[in-house]
Amino acid sequence: MFFKQFYLGCLAHASYMIGSEGEAAVVDPQRDVEMYLAEAQTQGGTLKYIIETHLHADFVSGHRELAARTGATIVFGQKANALFPHRAVVDGDELQVGKVVLRILETPGHTPEGISILVTDTEDSSAPVKVLTGDTLFIGDVGRPDLVGSKGFSSQEMASMLYDSLHQKLLKLDDSVEVYPAHGAGSLCGKNLSSETSSTIGDQRRLNYALKPMPREQFVAMMTADLPEVPAYFPLDAEINRTGAPPLLDLGPARELTPEEVNKLIQQGYLVLDTRPAPQFGSGHIPGSINVGLKGQFASWAGSLIPLTTPLILVVESSDQVPEAVTRLARVGIETVGGFLAGGITAWQAAGLAQNTISQLSVESLSQRLKTEPRLQVVDVRRPTEFVQGHVPTALNFQLAQLEKNIDHLDPTRPTAVICAGGYRSSAGASLLSRHGFCELFNVVGGTAAWVQAGLKVEGECESVACS
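This one's a predicted model, so the numbers in the text were calculated from it and none came from an experiment. (Residues numbered from 1 in each chain as written. Predicted model: local features only at pLDDT ≥ 70, side-chain atom pairs only at ≥ 80, totals over all residues. Heavy atoms only, no water.)

Participant: What exactly am I supposed to notice about the nonpolar core here?
Facilitator: A general trend in soluble globular proteins is that nonpolar side chains are found buried together. Judged by nonpolar contacts, the single largest core of 54 residues is most densely connected at Leu273, Leu305, Leu314, Leu329, Leu403 and Leu433. Among the secondary structure elements, those contributing two or more residues to this core are α6 (234-243), β14 (271-274), α9 (298-305), β16 (312-315), α10 (322-330), β17 (337-341) and α14 (424-435). At five residues, the largest contribution of residues to this core is made by α9. Val142, Val177, Ile201 and Phe219 belong to the second largest nonpolar core, which has 22 residues in total. (Core = buried A, V, L, I, M, F, W, Y, C linked by side-chain atoms within 4.5 Å. Buried < 20%, exposed > 50% of the residue type's maximum accessible area, 1.4 Å probe, protein only. Helix = DSSP H or I, 4+ residues; strand = E, 2+ residues; numbered from the N terminus.)

Structure (structure tokens):
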């Protein structure tokens, strides 16, 4: 048996290829599918199945393109109601890939249609050796139950289904069965995922907090408390996956735009997405642009902050980053890039067009300013669960994804320092405040992690803050 995990760090997403005797199956493919085609060719296999463990909400799948290019059959759980030709499977169905048997377990709870896949290599044993758990069981966590509320299920109902899926299906497996989920640390499909990308049923039985023996009522209460915000693009991506996304090649390359063309498009309603690191963005950028750094969790934050239909213009450090940016945006369903600023911000400056700046502030300077400038307001854009663990004294907590909705709680006439864990989200937050007329803005370099490391006073439950 051939088995390979493909891990996409920026979306904390794991997909898989399983092969045997010239046949292969791909499980939970990402939007761009070339890697699976190349791997199948390397292994000398024909792709037979494309299996989706559920309708993913956090990324757009490439299942339709992969099927069109290979002739493989797309497989979904029967309750997915996918709107294209596919095989709908139910509990106990088996798919043959060479001498490998893939047995379907219906494991709802994260979504109603969720399935897990038991992998048995019949050349070695009649017992399963692996289980691909999708978003039902993660390493160190389980899938959150609140992403399908609009589909007629409450979080409590979904959590109750999840309890059954875990205790009646997955925890019935032998301790030696290897666990391979669809996501790792950084995904918003769970609350506290491990950075490990595989485990065993036995280890999860011992170490996973959500699998400890407890009554159903306790599990449901725990799973529905303190859930992170649901990014706005999640329900939209789930529906894209239900209908199937077009091939990436259909998008075409992004156009080079002169500063004058960019300026004209801005007047027509285009939004500038500046993908440069915070220091470069702060030193000079197009007024009204949003800063989401390409080197971080670019796609998920872009999807969280920008409606999917917004027409975009990119600003990049160098033009060779444009294809990467376009692909990563398409992975979350943003297909509206109208072009990029040729020559970057240097060309904009050379054209004599207006620009804004955001000062970069060290934690030591922030500490001093708080002592001498009583009007200074500190905005912490981390999630509430991070904020309560420790924060700068007097800081106000408005998590990044909800910042624009809370603008009225802040005074744009006051100097404002924006802080997060390490400086990535705070630069995005500062760019949003700049769009709303905040003039004297500071991005705190190194974030709360640097504040703690410098030994400065922390308010909250503990004296240390993990950088995330």
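From this point, the narrative continues.
Participant: Just to check I follow, could you spell out the environment of histidine 285 for this structure?
Facilitator: Of note, histidine 285 is situated in the loop between α8 (278-283) and β15 (290-291). Judged by its relative accessible area of 1%, histidine 285 falls in the buried class. For the pair histidine 285 and aspartate 408, spaced 123 residues apart in the sequence, the C-alpha separation amounts to 25 Å. Dropping the residues within four chain positions of it, histidine 285 is found in contact with Asp274, Arg276, Ile345, Gln355, Asn356, Thr357, Ile358 and Ser434. A distance of 2.8 Å separates the side chain of histidine 285 from the backbone oxygen of phenylalanine 281, its partner in a polar contact. (Contact = heavy atoms within 4.5 Å. Polar contact = N/O pair within 3.5 Å; in protein donor to acceptor, adjacent residues only side chain to side chain.)

Participant: Which parts of the structure should I look at to understand empty space enclosed by the protein?
Facilitator: Space left empty within the atom packing is revealed by a probe, the size of a water molecule, rolled over the atoms. Overall, the coordinates contain three cavities of 30 Å³ or more when judged by the stated rule. Volume-wise, the largest cavity comes out at about 160 Å³. Considering the residues around the largest cavity, the lining is formed by 15 residues, among which Gly186, Ser187, Leu188, Tyr233 and Ser300 are closest to the centre. Counting residues per element, the lining of the largest cavity draws most heavily on α9, at three residues. Among the residues making up the lining of the largest cavity, the classes are represented as seven nonpolar, five polar and three charged. Approximately 40 Å³ is the volume found for the second largest cavity. Lining the second largest cavity are Thr53, His54, His110, Thr111, Gly114, Ile115, Thr133, Gly134, Asp135 and Thr136. (1 Å grid on protein atoms, 1.4 Å probe; cavity = no way out; pocket = protein on both sides within 12 Å on 5 of 7 lines; lining within 4 Å. Points joined across faces, edges and corners; volume = space filled by probe spheres on them. Nonpolar A, V, L, I, M, F, W, Y, C, P; charged D, E, K, R; others polar.)

Participant: Help me understand the pattern of salt bridges in this model?
Facilitator: Where charged atoms from two side chains of opposite charge approach closely, those side chains can pair. Here the structure, examined in full by the defined rule, presents 22 salt bridges. Between lysine 48 and glutamate 23 there is a salt bridge; the shortest N-O distance is 3.5 Å. Of this pair, lysine 48 sits in strand β4 (residues 46-51) while glutamate 23 sits in strand β3 (residues 23-27), and the two are 25 residues apart along the sequence. When its relative accessible area of 27% is taken as the criterion, lysine 48 is described as partly exposed. (Salt bridge = Lys/Arg side-chain N within 4 Å of Asp/Glu carboxyl O.)

Participant: What is the right way to read the packing of aromatic side chains from this model?
Facilitator: Centre-to-centre distance and the angle between the planes together describe a pair of aromatic rings. Under the defined criterion, the tally for this structure stands at seven aromatic pairs. By way of ring pairs, the aromatic residues Phe3, Tyr16 and Tyr180 are connected into one cluster. A cation over a ring is seen here: lysine 130 above phenylalanine 3, with NZ or CZ 4.7 Å from the ring centre. (Phe/Tyr/Trp six-rings, centres within 6.5 Å; stacked < 30°, edge-to-face > 60°. Lys NZ or Arg CZ within 6 Å of the ring centre and 35° of its normal.)

Participant: When you look at α10 in this model, what are you seeing that I'm missing?
Facilitator: One turn of the α-helix equals 3.6 residues, which is why residues spaced by three or four share an orientation. Taken as a whole, α10 has its buried residues at Val322, Ala325, Val326, Arg328, Leu329 and Ala330. Contact partners of the buried residues in α10: β14, α9, β16 and β17.

Participant: Looking at this model, I keep getting lost on the confidence of the model for the protein. Mind explaining?
Facilitator: The predicted coordinates of low-pLDDT regions are not to be read in fine detail. The predicted model of the protein averages 95 in pLDDT, with 98% of residues at 70 or higher. Low pLDDT (under 50) marks residues 463-468, which in the prediction has 16 contacts with non-local residues, meaning those over four places away or in another chain. (pLDDT = per-residue confidence, 0-100.)

Participant: Help me understand the sheet that holds β14 in this model?
Facilitator: Within a beta sheet, neighbouring strands are joined by backbone hydrogen bonds and run either parallel or antiparallel to one another. Pairing within the open sheet is parallel, and its five strands lie in the order β13-β17-β16-β14-β15. Each edge of the open sheet is held by one strand with a lone partner, namely β13 (256-257) and β15. Sheet topology note: the β14/β15 ladder contains two bridges and is parallel. For aspartate 274, the partnering residue across the bridge sits in β15 and is asparagine 291. In this fold α10 packs onto β14, β16 and β17, with an angle of close to 135° to the strand it touches most, β16. (Pairing = 2+ DSSP bridges. Axes fitted to C-alpha atoms, helices over the stretch in contact; angles between N-to-C directions.)

Participant: So what exactly am I meant to see when it comes to unusual backbone geometry here?
Facilitator: Peptide bonds are trans in most cases, and residues, glycine excluded, mostly fall at negative phi. Positive phi, close to 50°, is recorded for glutamate 21, a residue that is not glycine. With respect to the helices, strands and loops of the structure, glutamate 21 is situated in the loop between β2 (13-20) and β3. Taking relative accessible area as the criterion, glutamate 21 reaches 55% and is therefore assigned exposed. Of note, aspartate 226 is a non-glycine position whose phi angle comes to about 55°, a positive value. Turning to its location among the elements, aspartate 226 is positioned in the loop between α5 (216-223) and α6.

Participant: I'm lost on the layout of surface pockets in this one. Help?
Facilitator: A volume near 350 Å³ is recorded for the second largest pocket. Considering the residues around the second largest pocket, the lining is formed by 21 residues, among which Leu147, Val148, Lys151, Ala238 and Arg242 are closest to the centre. Residue classes in the lining of the second largest pocket are distributed as 11 nonpolar, four polar and six charged.

Participant: What's the story with α5 in this structure? I'm lost.
Facilitator: Of the positions making up α5, those classed as buried are Phe219, Val220 and Met223. What you see down the axis of α5 is that its buried residues fit within an arc of 100°, all on one side. In this structure, the buried side of α5 is in contact with α3 (155-169). (Arc of directions from axis to C-beta.)

Participant: What is the right way to read the sheet that holds β4 from this model?
Facilitator: Spatially, the six strands line up as an open sheet ordered β1-β2-β3-β4-β5-β6, and their pairing is mixed. Pairing within the sheet leaves two strands with one partner each, and these edge strands are β1 (2-8) and β6 (87-89). Looking at each pair of strands side by side, their axes are set apart by 25° on average, direction ignored. Bridge analysis of β3 against β4 gives five bridges, and the strand direction is parallel. Each residue of the ladder has a partner; that of valine 27, found in β4, is isoleucine 51. Most of the contacts of helix α2 (residues 63-70) go to β4, to which it runs at about 155°, and overall it touches β3, β4 and β5 (73-77).

Participant: What is the right way to read the packing of helix α1 (residues 34-43) against α2 from this model?
Facilitator: Each pair of packed helices can be summarised by the angle the axes make with each other and by the distance between the axes. It is at 10 Å that the axes of α1 and α2 come closest, and there the two elements cross at 40°. Between α1 and α2 lies a crossing of right-handed hand. On the side of α1, the interface is formed by Glu34, Tyr36 and Leu37, while α2 contributes Leu66, Arg69 and Thr70. Residue classes in the contact of α1 with α2 are distributed as three nonpolar, one polar and two charged. (Left-handed = near helix turned anticlockwise from the far one by under 90°.)

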